[in-house]
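Residues per chain, in single letters:
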Amino acid sequence: ARQPYQEPPARHDLGRMDIACPSCGALHWAGEKLSSSSSTSPKFGICCDSGQVRLPPLQPPPPPIQALFTDDSPQAKDFRENIWKYNRAFAFTSLYVTEDHSVNRGRGEPVFRILGELYHRGAPLEPSPGRTPSYAQLYIYDPQAALDHRASLNAGLKRETLATLQAALNEHNPYVRIFRHAYEVMERRRQEGNPDVSVRLQVATPTSGAHARRRNLPTADEVAVVICDSNGEDPNPRDIVLYQRSGGLRFINDLHPSYSPLYYVVLFPRGEAGWHPDLRM
């Protein structure tokens, strides 16, 4: 039998996401306030647990990147409109998801829905023969060559903005130095007759077992330590393992402090560590 006509459900509007947490300043919708608080004095638990969690603020971006976020110039406006594309051009790692396209068969707003988990993956530091370098591979190249590759891979982005971001990241992002140093370590070992050596990145945390001043990179010693692995020893599952040529794509554990800054480079241009289990309030 034919089903009776039903009115389509009305669209639910949450209003503007403009209610600041009084403890940390994070913006919320009004409906996210704790039920024990009032509309005139709202409190929130999903950001800082009403002030129970206090993290140091992020450092201000380098001035050239700060200008892209705040200026009214055509270059800055283009950057903000395409920020996810500029971030992709400079990410050290790639994004891997299984996307559900069935939700976009109608005429509504596009929806990004995934099946399963979202992953970040790292590749060898040198591309396979005949392949164009991408992601972290570009950071071991001469800056001019790297800029040429980025411009060719991102034809819709402004070369001037790519050059601005590249110069700022090369100067201020510690992971640029870390990956270059790791590549130099592996290249030196390869020339010494050990071509299969890998490098593990371990962030020195209070309980990680890695001393904050032991075997560190001289210019980024508070971010990570590089440990050569040439004896077949299984790495810690939370280490980031780098290979020079072989090894294929490797998943980055989302508990690693470098998980977020290696992918969201434009948001973390100074490479501040992301969340990790050893974080202390």
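For the structure, check the block above.
Below is a summary of the structure that appears in this document. Computed from a predicted model, the values in this text were never measured in an experiment.

## Re the overall build of the protein
- Across its full length, the protein holds seven helices and eight strands.
- Scored against the burial criterion, the 281 residues of the protein give a buried share of 35%.
- Sequence separation of 24 or more characterises 57% of the internal contacts of the protein that already satisfy a separation of 6 or more.
- For the protein, the accessible surface area stands at approximately 17,400 Å², while carbon and sulfur atoms represent 51% of it.

## Focus: the sheet that holds strand β5 (residues 198-202)
- The three strands lie next to each other as β6-β5-β7, forming an open sheet whose pairing is antiparallel. If you trace the sheet from one side to the other, it starts and ends with β6 (225-229) and β7 (240-243), each paired once. Averaged over all pairs of adjacent strands, the angle between strand axes in this sheet comes to 30°, irrespective of strand direction.
- Bridge count for β5 against β7 is four bridges, and the pairing is antiparallel. Directly across from Arg200, in β7, lies its bridge partner Val241.
- Where helix α6 (residues 174-191) meets the sheet, it contacts β5, β6 and β7, and its direction lies at approximately 150° from that of β5.

## Some points on the environment of Val103
- Examined against the element boundaries, Val103 turns out to sit in the loop between β3 (94-99) and β4 (114-122).
- Linking Val103 and Arg113, residues 10 residues apart in sequence, is a C-alpha distance of 7.6 Å.
- For Val103, the residues in contact, after removing those within four places along its chain, are Val111 and Arg113.

## A word on the nonpolar core
- Counting residues in hydrophobic clusters, the biggest one holds 35 residues, and the most contacted among them are Phe90, Phe92, Leu125, Phe179, Leu201 and Leu242.
- Listed by contribution, the elements that provide at least two residues to this core are α1 (63-70), α3 (83-90), α5 (159-172), α6, β5, β7 and α7 (259-263).
- In terms of residue count, α6 provides more of this core than any other element does, eight residues in total.
- Once residues within four sequence positions are removed from consideration, Leu242 is found in contact with Leu125, Phe179, Ala182, Met186, Ser198, Val199 and Leu201.

## Observations regarding the sheet that holds strand β8 (residues 250-252)
- Strand order in this open sheet of three strands is β3-β4-β8, and the pairing throughout is antiparallel. One side of each edge strand has no neighbouring strand; the edge strands of this open sheet are β3 and β8. With strand direction ignored, the average angle separating the axes of adjacent strands in the sheet is 45°.
- The pairing of β4 with β8 spans three bridges and is antiparallel. Counted as the bridge partner of Arg121 is Phe251 from β8.

## Quick word on helix α2 (residues 74-81)
- Those residues of α2 that fall on the buried side of the exposure criterion are Gln75, Ala76, Asp78 and Phe79. Looking down the long axis of α2, one finds its buried residues gathered within 160° of arc, a one-sided arrangement. Within α2, the exposed residues directed more than 90 degrees away from the buried face are Pro74 and Glu81.

## Looking at the environment of Ala273
- Tracing the sequence through the fold places Ala273 in the segment after α7.
- Sequence separation between Ala273 and Ser260 is 13 residues, and the spatial gap between their C-alpha atoms is 7.6 Å.
- Apart from residues lying up to four places away in sequence, Ala273 is in contact with Pro257 and Pro261.

## Topic: the packing of aromatic side chains
- Scanning all chains against the criterion turns up nine aromatic pairs.
- Seen from their ring centres, Phe69 and Phe79 are 5.3 Å apart, and the 85° between their planes marks the pair as edge-to-face. Placement of the pair is Phe69 in helix α1 and Phe79 in helix α2, with a sequence separation of 10 residues.
- Residue classification places Phe69 among the partly exposed residues on the basis of a relative accessible area of 28%.
- Between Tyr119 and Phe251, the ring centres sit 4.7 Å apart and the planes meet at 55°, which makes this aromatic pair tilted. With Tyr119 in strand β4 and Phe251 in strand β8, this pair connects stretches of sequence that are 132 residues apart.
- Look at Tyr119 and you get partly exposed, because its relative accessible area is 29%.
- Each residue in the set Phe92, Tyr139, Tyr175 and Phe179 is aromatic and connected to the rest through ring pairs, giving one cluster.

## Section: the state of the cysteines
- Summed over all chains, the structure comprises zero disulfides.
- Sulfur of Cys24: no disulfide; nearest cysteine sulfur belongs to Cys47 and is 3.7 Å away.
- Between Cys48, a free cysteine, and Cys21, which holds the nearest cysteine sulfur, the sulfur-to-sulfur gap is 3.7 Å.

Cut-offs used in this document
- Residue numbering note: each chain is counted from 1, following its sequence as written.
- Local features are withheld for residues below a pLDDT of 70 in this predicted model, meaning they are given only at 70 or higher, and side-chain atom pairs are given and counted only at 80 or more; totals for whole chains, interfaces and linings count all residues.
- Note that the side-chain values use all heavy atoms of the structure and ignore hydrogens as well as water.
- Helix numbering and strand numbering both begin at the N terminus, where a helix is a DSSP run of H or I of at least 4 residues and a strand a DSSP run of E of at least 2.
- Burial here depends on accessible area, computed with a 1.4 Å probe over protein chains only, as a share of the maximum for the residue type. Under 20% is buried, over 50% is exposed, and the range in between is partly exposed.
- Two residues qualify as a contact provided that any one of their heavy atoms is within 4.5 Å of a heavy atom in the partner residue.
- For accessible areas, the Shrake-Rupley method is used with a probe of radius 1.4 Å. Any residue's cover is judged against the shown protein chains and nothing else.
- Any two strands are treated as partners once DSSP identifies two or more bridges connecting them.
- Angles run from 0 to 180 degrees between N-to-C directions of axes, and those axes are lines fitted to C-alpha atoms, restricted for helices to the stretch in contact.
- Residues grouped as a nonpolar core are buried Ala, Val, Leu, Ile, Met, Phe, Trp, Tyr and Cys residues, joined through side-chain atoms within 4.5 Å.
- The arc in question is the one spanned by the directions pointing from the helix axis to the C-beta atoms.
- Any two rings among Phe, Tyr and Trp, with Trp reduced to its six-membered ring, count as a pair given centres within 6.5 Å; such a pair is stacked if its planes are under 30 degrees apart, edge-to-face if over 60, and tilted if neither.
- Counting rule for disulfides: a pair of cysteine sulfur atoms within 2.5 Å.

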